[in-house]
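Topology and contacts: notes
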Amino acid sequence: MPKISLKELAPIILRTALSLVFLWFGTQQLINSSAWVNFVPDFAISMSGLSALTLVHFNGAFEVLFGLCLITGFFTRASALVLGVHLLGISLSLGFSAIAIRDFGLSMATIAIFFYGIDKCTLDMLYLRHYKGTSNFS
Amino acid sequence: MFKKILPSIIFVIIVVVIALVITFAFFTDENSQSASTQNTYSVEKETLNSNIPSSSNNVSYTLAEVAKHNKSTDCWTTINGGVYNVTPWIEKHPGGSEAIISLCGIDGSLAFNGQHGGQENPQKALASFKIGTLDK
């Protein structure tokens, strides 16, 4: 059993907890889509030419897929960057409110995962150990 | 540098394409289903509000009347001078049902403005539940 220090545990906890946030909201948008339709900004509908419901479904699928990649640590940095920027965009579109501040904080935490890179409990690390013979990667 | 990030770019493109495929392959049929659900929902809402006079803006309620509707099965709240029957919204609120239940029978202005103040879409959603104004 590999030893994991508290310092090494921190990014694992952060990554897992944030992944669960994206997975929860993503699945909610897929299974309870009608409740989210009112939250789709008008500019997204006019720019994409898609219905609000389709945008909710796409956003849900997008968050679930990248959330799964983030929780398993598959392309950790890329997944964290995409989700972080995505959530930052959402928070900026919300104006100045409690939800926007919360989302801004979560997006910054996700971007922090991007800056940190891969941790010990990721598929990326497993790949590096097995196929590249190194764990020195960030 | 580009060679190093190329796999990540390809990965992101693949995931976005998969998300698009999932959206259009698995939810296209559901779109119409959801639309019908929304219609059903509107009908349910109308049924729920059928006991209430139709000209909602002309009807005024006192805080004491609002306070009687303080259950999750019969939930009224007052926000910024309007009275709303938010019973159908409890199970559908993206932020969780508890947030709405906590407003049943009371003045929810502070909570609503704190969470959604200045946001257009929550205002629109709220407006659809209006049944009258608060009698001061």
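This is a predicted model, so every value here is computed, not measured.

**Some points on the overall build of chain B**
The helix and strand tally for chain B stands at six helices and five strands. Residues classed as buried in chain B amount to 23% of the 136 residues present. Considering only contacts within chain B whose residues lie at least 6 apart along the sequence, 70% involve residues at least 24 apart.

**Considerations on the overall build of chain A**
If you tally the helices and strands in chain A, you get six helices and zero strands. When the helices and strands of chain A are read in sequence order from the N terminus, they spell out α-α-α-α-α-α. Taking as baseline every contact in chain A between residues at least 6 positions apart, the subset at least 24 positions apart corresponds to 61%.

**Remarks on the interface of chain A and chain B**
Of the residues lining the interface, 27 residues belong to chain A; the matching set on chain B comes to 28 residues. At the level of elements, helix H3 (52-72), helix H4 (76-93) and helix H5 (98-116) of chain A are the ones that each hand at least two residues to the side of chain A that touches chain B. Classifying every residue of the side of chain A that touches chain B by side-chain character gives 17 nonpolar, nine polar and one charged.

**Looking at the sheet that holds strand E1 (residues 60-61) of chain B**
All names here are of chain B. Across the sheet, which stays open at both edges, the five strands sit in the order E1-E5-E4-E3-E2 with mixed pairing between neighbours. Sheet topology places E1 and strand E2 (70-71) at the edges, where each strand pairs with a single neighbour. Note that E1 and strand E5 (residues 130-134) share two bridges and pair parallel. Bridged to Ser60 within E5 is Thr133.

**Here we look at H5 of chain A**
Along an α-helix, a turn takes 3.6 residues, which lines up residues three or four apart on a common side. All names here are of chain A. Here H5 is 19 residues long and its end C-alpha atoms lie 27 Å apart, about the 27 Å a rise of 1.5 Å per residue gives. Leu106, Ser107, Thr110 and Ile113 are the residues of H5 that are buried. All buried residues of H5 lie within an arc of 105 degrees about the axis, which places them on one face of the element. Every exposed residue of H5 that faces more than 90 degrees away from the buried side is listed here: Ile101, Gly105 and Phe115. Where H5 is buried, its residues contact helix H1 (6-31) and H4. A positive backbone phi angle near 95 degrees is found at Gly117, which sits one or two residues after H5.

**A short note on the packing of H1 of chain A against H3 of chain A**
Helix packing for two helices is described by the angle between their axes and how far apart those axes are. Residues and elements named next belong to chain A. Taken N-terminus to C-terminus, the directions of H1 and H3 make an angle of 155 degrees; their axes are 7 Å apart at the nearest point. Accordingly, the angle class assigned to the pair H1 and H3 is roughly antiparallel. Crossing of H1 against H3: the hand is left-handed. Packed against H1, whose contacting residues are Arg15, Thr16, Ser19, Phe22, Leu23, Phe25, Gly26, Thr27, Gln29 and Leu30, the element H3 presents Val56, His57, Asn59, Gly60, Ala61, Glu63, Val64, Phe66, Gly67, Leu70 and Ile71 at the interface. When grouped by side-chain class, the residues that make up the contact of H1 with H3 number ten nonpolar, nine polar and two charged.

**A look at unusual backbone geometry**
Residue and element names in this part refer to chain A. Positive phi, normally seen in glycine, also occurs at Phe75, with a value near 55 degrees. Structurally, Phe75 can be placed in the loop between H3 and H4. For Phe75, a count of 24 C-beta atoms within 10 Å gives the class buried.

**Regarding the nonpolar core**
In this structure, Ala61, Leu65, Phe66 and Leu83 of chain A are the most contacted members of the largest nonpolar core, which totals 28 residues. In contact with Leu83 of chain A, other than residues within four places in its own chain, are Phe22, Phe66, Leu70 and Thr110 of chain A. Membership of the second largest hydrophobic core comes to 17 residues, among which are Trp89, Ile100, Phe112 and Ala125 of chain B.

**What about the confidence of the model for chain B?**
Any region with low pLDDT has predicted coordinates that should not be read closely. All names here are of chain B. On average, residues of chain B carry a pLDDT of 77, and 78% of them reach 70 or more. Confidence scores differ between elements of chain B, with helix H2 (residues 28-48) showing the lowest mean pLDDT of 45 and strand E4 (residues 82-85) the highest of 92. Segment residues 30-54: pLDDT under 50, and 19 contacts once partners within four positions in sequence are set aside and those in other chains are kept. We note a pTM of 0.66 for the whole complex and an ipTM of 0.80 for its interfaces.

Thresholds, definitions, all that
- Residues numbered from 1 in each chain as written.
- Chains lettered and ligands numbered in written order.
- Predicted model: local features only at pLDDT ≥ 70, side-chain atom pairs only at ≥ 80, totals over all residues.
- Helix = DSSP H or I, 4+ residues; strand = E, 2+ residues; numbered from the N terminus.
- Buried ≥ 20, exposed ≤ 12 C-beta atoms within 10 Å, placed from the backbone.
- Contact = placed C-beta atoms within 7 Å.
- Nonpolar A, V, L, I, M, F, W, Y, C, P; charged D, E, K, R; others polar.
- Pairing = 2+ DSSP bridges.
- Expected span 1.5 Å × (residues − 1).
- Arc of directions from axis to C-beta.
- Axes fitted to C-alpha atoms, helices over the stretch in contact; angles between N-to-C directions.
- Parallel < 35°, antiparallel > 145°, perpendicular 65-115°, else oblique.
- Left-handed = near helix turned anticlockwise from the far one by under 90°.
- Core = buried A, V, L, I, M, F, W, Y, C linked by C-beta atoms within 7 Å.
- pLDDT = per-residue confidence, 0-100.

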